[in-house]
Amino acid sequence: MVQIITINDLIQRFGERELAERSDREYCTDINQNVLQRAIDDAVAEANSYVRAAGIVLNKPSVALIGFVCDIARYRLYDDAVTEIIDERYKRAIAWLKDAIKNPQMLDDDFSGSLNAESRFVGCAVMSNQPPKWSDFAGD
């Protein structure tokens, strides 16, 4: 499993002040790395669930994927204080991941990942468009 984002990615996108306010639950002055890492782990797990559902093996994440996973981690940091913009960015990230399942090249800037055909179609069944006839079930 590819580690998609780091604490540094969050700091670059959202700034130390915001992350300190969201992670240091007592004084809001210092970044609590454990809290940030938990949000990162949860966001990466959520993103990887979409990647695995598509049967995709990533070599490295795309710049877009990194940004969207940062938005998911930020959403996780806000718990019950999610603002409208953070909620919208989270929803946009999930919508993008759903699109990426259908277009795997979106996940890797130099897409050379592989599609695991077995995992892509596990649990699928092909059913006839015609209803069965009772005579098909008769054991002649």
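See above for the structure.
What you see is a predicted model, and the numbers here were worked out from it, not measured in a lab.

The next point concerns the overall build of the protein chain. Secondary structure summary: the protein chain contains seven helices and two strands in total. Counting from the amino terminus, the protein chain carries its helices and strands in the arrangement α-α-α-β-α-α-β-α-α. Scored against the burial criterion, the 140 residues of the protein chain give a buried share of 36%. A separation of at least 24 residues holds for 69% of the contacts in the protein chain among residues at least 6 apart in sequence. Within the structure as shown, the protein chain displays about 9100 Å² of accessible surface, and the carbon and sulfur contribution to it stands at 50%.

A word on the pattern of salt bridges. Two side chains that carry opposite charge are able to pair once their charged atoms sit near each other. Overall, the coordinates contain seven salt bridges when judged by the stated rule. Measuring nitrogen to oxygen at the nearest pair gives 3.3 Å for the salt bridge that ties Arg17 to Glu21. Within this pair, Arg17 and its partner Glu21 are both found in helix α2 (residues 16–23), separated by four residues, close to a single helical turn. Residues joined in a network through salt bridges with shared partners are Asp71, Arg89 and Arg92.

This next bit is on helix α1 (residues 7–14). Within α1, burial applies to Ile7, Asp9, Leu10 and Phe14. Looking straight down α1, one finds that the buried residues subtend no more than 160 degrees of arc, so they occupy a single side. Against α2, α3 (33–53), α4 (63–77) and α5 (84–102) lie the buried residues of α1.

Its place among the elements puts Asp9 in helix α1. Buried Asp9, no salt bridge; nearest opposite-charge side chain is Arg13, N-O distance 4.1 Å. Every residue in contact with Asp9, bar those within four places of it in the chain, is listed here: Ile4, Ile66 and Cys70.

If you trace the backbone, Ser23 turns up in helix α2. Taking the relative accessible area as the measure of exposure, Ser23 reaches 1% and is therefore buried. Along the chain, Ser23 and Val35 lie twelve residues apart, while their C-alpha atoms are 5.6 Å from each other. Apart from the residues lying within four places of it in its own chain, the contact partners of Ser23 are Asp30, Ile31, Asn32, Val35 and Leu36.

Parameters at a glance
Residues numbered from 1 in each chain as written. Predicted model: local features only at pLDDT ≥ 70, side-chain atom pairs only at ≥ 80, totals over all residues. Heavy atoms only, no water. Helix = DSSP H or I, 4+ residues; strand = E, 2+ residues; numbered from the N terminus. Buried < 20%, exposed > 50% of the residue type's maximum accessible area, 1.4 Å probe, protein only. Contact = heavy atoms within 4.5 Å. Areas by Shrake-Rupley, 256 points an atom, 1.4 Å probe, with all protein chains shown as cover. Salt bridge = Lys/Arg side-chain N within 4 Å of Asp/Glu carboxyl O. Arc of directions from axis to C-beta. Lys, Arg positive; Asp, Glu negative; His and termini not counted.

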